Amino acid sequence: MRKLFVTLSLLIALSMVFAACAPQPAAEPETITVVETQIVEVEKVVEVEVEPEAPVGPKIARLGLLGPGDIPTLDPALASDTSSVQIIMETHPGLIRQHEETNAIDPGMAESWDVVNNDDGTATYTFNLRQDVPWVRYDGFEVVQVTDEEGNVRMVNANDFEYGIKRMLDPATASDYAYVSVFALAGSGPFNAGEVETADDVMVKAVDDFTLEITFNDAAVYNIAIAGMWIHSATPQWIIEERGDRWTEPGFHQGYGPYAVKEWVHDSYIVLTENPFWPGTDSIPKPKIQEVYLPFLDAIPAFAEYEAGNLDLAAVPLDDLDRVKADPVLSEELNINPVQCTYYYGFNTLKEHVSDVRVRRALSYAVDRQSLIDNVTKGGQEPAQWFSRPGLFGAPTAEKYPDLGIGYDPEAATAELQSYLDENGLTVADLDLTLMFNTSSGHQKIAEAIQQMWKDVLGVDVKLSNQEWKVYLVTIQEDAPQIWRLGWCSDYAHANNFIKEVFGSGGHEASATNIESEEMDAILAQAAMESDPDKAMELYAQAEQIMIYDIAEIIPIYFYTGVGVTKPYVDRTFGVGGQQYLEKWDITK
Amino acid sequence: MTVSDGQGELKFGAGGKPITAKGESLWADAMRRLLRNKAAVVGGSIVILLFLAAIFAPVVAIKSFEEQVLKDQNTVPEWIISVFPSIEPYARINNDYPFGADYVGRDLFSRIVYGARISLSVALIGPIISMIIGVIYGSISGFFGGRVDNVMMRIVDILYAFPSLLFIILLMAFFRSTLTVIEEGTFAWYMAELDEALGGMFFIFVGIGLTAWQTMARLTRGQVLSVREKEFIEAAHTIGASNIRIMFKHILPNIMGPLIVAETLAIPGYISTEAFLSFIGLGVNPPTPSWGTLISDGSGVIRTYPSQAIFPALALAITMFAFNFLGDGLRDALDPRLRGTQ
Amino acid sequence: MGRYIARRLLYMIAVLLVVSIITFGLMHAVPGGPFDKEKPLPEEILANLNAKYNLDAPLWKQYILYMYDVTIPQFSTQEPTSALADDALLIFNVGSVWVRWMNFGPSYASRSRTVNDIFRDQLPVSFQLGVMALLVGLLIGMPLGVLAGLKQNTIFDYFGMGIAIIGVSVPVIVAGPLLIWIFGVALKWLPPTGWGAKPPYLLGFLPETGLTWEFFKYAIMPSVALGTGTSAVIARLTRASLLQTTREDYIRTARSKGLSERVVIGRHALKNSLIPVVTILGPLFAALVTGTFVTELVFGIPGMGKYFVTSITNRDYPVIMGTILLYAIFLVVANLVVDLTYAFLDPRIRFD
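Read on for an overview of the structure. All values derive from a computational prediction rather than experimental measurement. (Residues numbered from 1 in each chain as written. Chains lettered and ligands numbered in written order. Predicted model: local features only at pLDDT ≥ 70, side-chain atom pairs only at ≥ 80, totals over all residues. Heavy atoms only, no water.)

### A short note on the interface of chain C and chain B
Step number 1: If you look at the interface, chain C gives 46 residues, while chain B gives 47 residues.
Step number 2: Its largest share of buried area at the contact with chain B, chain C owes to Ile173(C), Trp181(C) and Arg236(C), together 13% of the area lost on that side.
Step number 3: Across the contact surface, chain C and chain B share zero residue pairs in polar contact (both at pLDDT 80 or more).
Step number 4: For the side of chain C that touches chain B, the element with the highest residue contribution is helix α1 (residues 2–29) of chain C, accounting for nine residues.
Step number 5: Among the residues making up the side of chain C that touches chain B, the classes are represented as 37 nonpolar, six polar and three charged. (Contact = heavy atoms within 4.5 Å. Buried area = accessible area lost by both parts, 1.4 Å probe. Polar contact = N/O pair within 3.5 Å; in protein donor to acceptor, adjacent residues only side chain to side chain. Helix = DSSP H or I, 4+ residues; strand = E, 2+ residues; numbered from the N terminus. Nonpolar A, V, L, I, M, F, W, Y, C, P; charged D, E, K, R; others polar.)

Right, dumping it as C-alpha cells:
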C-alpha cells in the first residue's frame, strides 16, 4: 500500500517536474536565455492511515455467577433453583420476557397476545408466537439446527409449548414448581394431582402452529408473569421421548434461545456458546459475547479467581467487604444492586408467649435493622418494614409508604412488652424464648446480633438453636419453634407471589405461623385483579399493614442485595429477579 | 483415624514385679525419665497451663466472651497491624482488645481462652470413653482368646470400615432433630436433654468416643495376648486366682503404660475432629466458643482479617504440639527398652 | 496363600453387607426426606416422587431392591439405552450378550445423573488427588520421620516433629486460602482453583490429556494442603517405629558384627520399621481417595468428598449408600493389599 503511494507521488512529482520542464516556445532572438532545468527529486513522505483491523477471535466472558456444586437440572419442567433457571433463561426463553431491571412485561417467544375475560371469571390469553426460531443443538463442533427425519428444520411452535406445559404438569414428571401452574392455569389441578388420566382438561391449546391459547382461573394481573415462567417454556418432545431424563446431557441437549449449551462438566463448569440462529428481538437481542464460561465455585475461591484475573465477575464474600471498599481498584468495581428476596423471622403463634401479639410486636420493634445491615450483613441491604419486596408489581415502596409496617422503635418495643408482662404478672426473666435457624455461619451471625438487640432493648434472653437444613424444614412445617428464620425469593415479579402465596390462607408457611386474617385475604383477592400500579400498591400496603402490625405474623428484617465485583470492561445490566440476561452484555476490551 | 504406635513389651523378673533400678516403683522411675526429657517437660507444662487457664478462665480473660459490642467489630490493636501490614488501609484500631475483636465485637482473646475449655474437655473425655470401652472390650477379647477373640475382633473390623465422620454426622442429625419429635421420658429424650445441658457437646463426646474405642480395643487385645503367656500369669492361675482377679490385678496394671501413651497421642486427633465438626456446623451452639468454631468463623475473613483465624489455629497447634511431645515423652519414659538396664 | 485371599474376600463381602444394612437403617431413621424443600411440595407431587423412587415401599423391600441392583448383573441381548434405569457402573458385552452390573441407582438431587455417573466422573479426580497427596505425605513425612528417629531428642528430632505437627494442626480451611492467596493471587504462579482433567478418563482414572504440566499445576496446592496432614502421621509413625526397631536385638547383633551404621540402618532397620507405616497406608489412602470435603470446597475440585457430606444433608439416599459402600470397599481392599505386602516385608509373618 505504502509503496504504491510513494511511487504514485513520485510519478506525480516527476510529471510535475517534467511539465515544468516542457520545452519553452521559441524566444525572441535578442537575448539567448539558457534555461537550465534541474530535476529535483522530492521525496514526499505521505502519512498513510492504515485502518486498525477489527479484533479477531471470539469474545469470551468468564463469570462467577453460579454457586458451588453442580446445576441440579437443565430441564425447564424440573428447574427450581436459581442456577438452573439462569441457564434455562438463555436456552429456553419463555412466552414473555420480564425486563431484568424494571420487571416490565416485554414480548418473548410470543410477539403479541390478547386477553379475553370470560363470563365465568376465567381469562383466556391468546399468544401469537414468533415463526422464525429454530431448535438448535451443539454437535461437538458448532451450533446446528435440529432437523426431523425428513431433513426439515424443526421450528419452535405452539405444539412444543403445549407439550412442555402438559409434561410439566404430568404427575409422572414430578415437577417441583408445578404448584404455581396448578394455582393459576385452569383445569390443571386434577391432572397434576393424578385424579384424571389425561391432560385433555388442561386449558392449554395450540390453536394452530403458531397460536397458543392459555386460560387462567382468575382474571388476575399476574397471569402474564406466570405465563412467562421457565416452567411454561417449549421443550423438545422428540428428544425427550428418545432419551428420557438424560436429554439435558451435553450431546443431547436441545434449545432455541440466544445461547446453546456447549459443554457441561458436572461439578466443574458449564460453557454456553452463541446461537447464530437466534433471530434477535428487541427484548432478547442477539448476543454480543460469543462464549460464556461459568464455573461452579464457592464464594471465597471465586473471589480469589477474580483477584487473580481469571474471572470477569464474582460475588464479594461479605467478610471481604471491608477490604474491597478500602481498595482503590476493587472499590471502583464494586456494585450493589437489589435482589428480589426478603429475609425474615416468623412466629409460631401457637406457642407460649409469642401467642400474644404484643410480644411479637415488641420483638419486631426491637430489631435495629439498619444497624444489622451496617455492622453485620454489610451488603448495602435495605431494611424491611414489610414483606413484599419493593420493585415487584404492587409491592409498597419506602418512598411512598415510609411508615408502613414495623421499624426500629425501642420505646414502642418496651411499651408493648411491658403491657403484656403487667397483664400476666410476669417479669422479663419468665420469658422463655427460642430462635431457631438452619445451620449456616451467615444466619448465625445475624441471629447472634439480633439476640443481643433483644437483650439490650427488652432485657429478654432468647436462646439460639440451629438444625441441619432438611431437618429444619420438617421442623418448621410440623412443629415450628417460637421464632424461626426463613427467606423468600420471587418466582414471578408480582407482590402476590410474596404475601399471598406465602402467608395468605393456605400459603406455604401458613402451617408454620398458624395465624390468618380474613380481612387480609379479602384485600389480597381484590389486589390480584388490580392492574393500576398505584391502586395495587395501596391495596398491598393495607394487606402488609395487617400482616406486619395488626397480627404481627413475622418480623421482616431486610431485603436482599447482590454484592459483586465486575471488571470495568464488562458492559452489563443488573437483574433484580436473580437472573442475568447475558445476551445483553458485552466485553469492551 | 487413630494410629497405633506399636506395642512395647515389659520385662519381668521372678515374682511378677518389673525390674527397676535402685528399687524404685515403675511409676517413679518413669516420672524421673520423663522429667529428663526436655520436650516432654515443655509439652507437659503447656498442657498444665492450658488446664489452669481453662479452669480459671473468668480470671484470665477479663472481657466477656459473649458480649457483642457491634461498634468494635473487627477492630485490632496496634501490634497486629505490624504483624499483618496488609490490613492497614482499612483496619480500625482499638487497643482494648489484646487480640482484637471478632465480627460482632466479641473479644477474641477471651473466646480463645474459653474455647480451651471445649478443646480440653474433648481431650479429657474422649480418651476416657474410648479407654473404658476399648480396654474392657480388648481385655476380654485377648484374655479369652480363641472363638471369642475371633468374633469380637471381626465386629471391630466391621465398625472400623464404617467412616466414623459420617457416623457422627448421622448420629447428630438424628438426635438434634428429634428434640421436637421424640417423646418425653424416652431414652433418646434424656440424651437430647443432656446434650442441651452441655451446650451441644454431648454428642461430640459420644461420637468421638464411640469411634475411637476400636483402636484402643485392638491395642489392648494385643497387649493382653502378649502378657497372657507370661510365667507369672501361669503362676497366678496355679495358685487358684480367679480370671477377673488375674485380669485386674495382674494384667491390666502392667499394660496400662503403652495404652495411656497411645491414647495421649490420639488426643490431637480428637481435638481436630471437634474442630472439623464445628466447622461443618455440627459443633457447639453459639455463642459458646470452641477453637473449631473460631477457626471456621475466622477462615471466612482470612484474607481481610487474618488474625481472627491465625490465633485460634495457633492455639490449636500449640496444644497439639504439647500433647504430642508429652505423649512421646510418656512413651519413652515407660518403655523399658530405653532403660538400658537389661 | 490362595486360600487366604479367598477367605479375606468372603469376609470382605460380610463386612460390606453389615455396613450396608447399618447405613441403610440409620439414614432412613434421620428425619427429613430428599424432597422436603423450602417451598413445600404439594401432597400429590410428593406422593408421585416417592412412588417414582420406591420410597413408599417397606424398608426391607427397598433394601433388597437396592442390593439386587448393585450386586446382580443383568443380562440382555439388546444394547442398553442411555436411559437412567439402564445405567450401571460396568456395561460391556460378551459376544451378543450385554451385561450390566453394579447399578447404584439414581441421584435424587440431580435428575439427569445416576450415582454411577457420579462415580465415573468424580471418583477419578479424588483418586488422582489422593495419590498425589499421599506421595506428598510420604515425600515429606518419611525423611522427617527417619531423621527424627535416628537423632532422637536432638534438635533434628524436635524440628522434624515440629514441622509435622504444624502440618497436621493447621487445618485445610486455613492453609488452603493462604496458599491460594500467595501462589494463586499474589504471585500468579499456579491457578487458584479447578482441576486439570475432565471426564472421560482413560482406564477409569487417568486423565485423557496426559500427565502434563497443565494437569499438575492444578494439583500442586491441594496436594500440599492435604499432604502435610498425612505427612505428620507418617513422620510420627516412622519415627516411633524406627526407634523401636533400632532397639531390637538383631540390630544390636548387626552392630556388634561390625557392620557400618549405614548398612545397619539402611538394610535392616528401615525395612522392618516400614511395617507399621504400611499398615496405616491402607486406611489413609481410603480416606484420601474418598475425598475430603473441605479441600474440594476451598479449591473448587470436582471430587467425591463433597458428596459424602452433601448427600447426607440432601438425604440423597442412593448417593449416601454408594459413597459409604465405596469407602468400605476401598478400606477393605486396601487392608488386604497391605496384609499381602507384609509377607514381602517380614518373612516371619505367615498366613494361617
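### Topic: the interface of chain A and chain C
Step number 1: Tallying the contact residues gives 50 residues for chain A and 47 residues for chain C.
Step number 2: Around 3,900 Å² of area is buried between chain A and chain C when both sides are counted, 54% of it from carbon and sulfur atoms.
Step number 3: In terms of surface lost to chain C, no three residues of chain A exceed Arg246(A), Asp267(A) and Lys470(A), which account for 18% of the buried area on that side.
Step number 4: On the surface where chain A and chain C come into contact, there are seven salt bridges.
Step number 5: Between Lys198(C) and Glu263(A) there is a salt bridge, with the nearest N and O atoms lying 2.7 Å from each other.
Step number 6: Within the residue set of the side of chain A that touches chain C, elements represented by two or more residues are α4 (178–184), β10 (259–265), α8 (299–307), α15 (469–479) and β18 (483–489) of chain A.
Step number 7: It is α15(A) that contributes the most residues to the side of chain A that touches chain C, six residues altogether.
Step number 8: Residues belonging to the side of chain A that touches chain C are distributed by class as follows: 24 nonpolar, 11 polar and 15 charged. (Salt bridge = Lys/Arg side-chain N within 4 Å of Asp/Glu carboxyl O.)

### Side note on the packing of aromatic side chains
Any two aromatic rings considered together are summarised by their centre-to-centre distance and by the angle between their planes.
Residue and element names in this part refer to chain A.
Step number 1: If you walk through the whole model with that rule in mind, you get 40 aromatic pairs over all chains.
Step number 2: Aromatic pair Phe183 and Tyr222: ring centres 6.3 Å apart, planes at 20 degrees, arrangement stacked. Taken together, the residues Phe183 in helix α4 and Tyr222 in the loop between β9 (211–216) and α6 (223–227) connect sequence positions 39 residues apart.
Step number 3: Overall, the relative accessible area of 29% leaves Phe183 in the partly exposed class. (Phe/Tyr/Trp six-rings, centres within 6.5 Å; stacked < 30°, edge-to-face > 60°. Buried < 20%, exposed > 50% of the residue type's maximum accessible area, 1.4 Å probe, protein only.)

### Observations concerning the pattern of salt bridges
A side chain of one charge can pair with a side chain of the opposite charge if their charged atoms are brought near each other.
Step number 1: In total, this model carries 38 salt bridges over all chains according to the counting rule given.
Step number 2: With a closest N to O distance of 3.2 Å, Asp322(A) and Lys378(A) form a salt bridge. Of the two residues, Asp322(A) sits in helix α9 (residues 321–326) while Lys378(A) sits in the loop between α12 (369–377) and β15 (382–383), which places them 56 residues apart along the sequence.
Step number 3: For Asp322(A), a relative accessible area of 22% translates into the label partly exposed.
Step number 4: A salt bridge links Arg120(C) to Asp87(C); its shortest N-O distance comes to 2.9 Å. Of this pair, Arg120(C) sits in helix α4 (residues 115–150) while Asp87(C) sits in the loop between β1 (74–76) and β2 (90–94), and the two are 33 residues apart along the sequence.
Step number 5: Looking at Arg120(C), the relative accessible area reads 32%, which means it is partly exposed.
Step number 6: Put simply, Asp70(A), Asp267(A), Arg113(C), Asp121(C) and Lys306(C) are held in one network by salt bridges that share partners.

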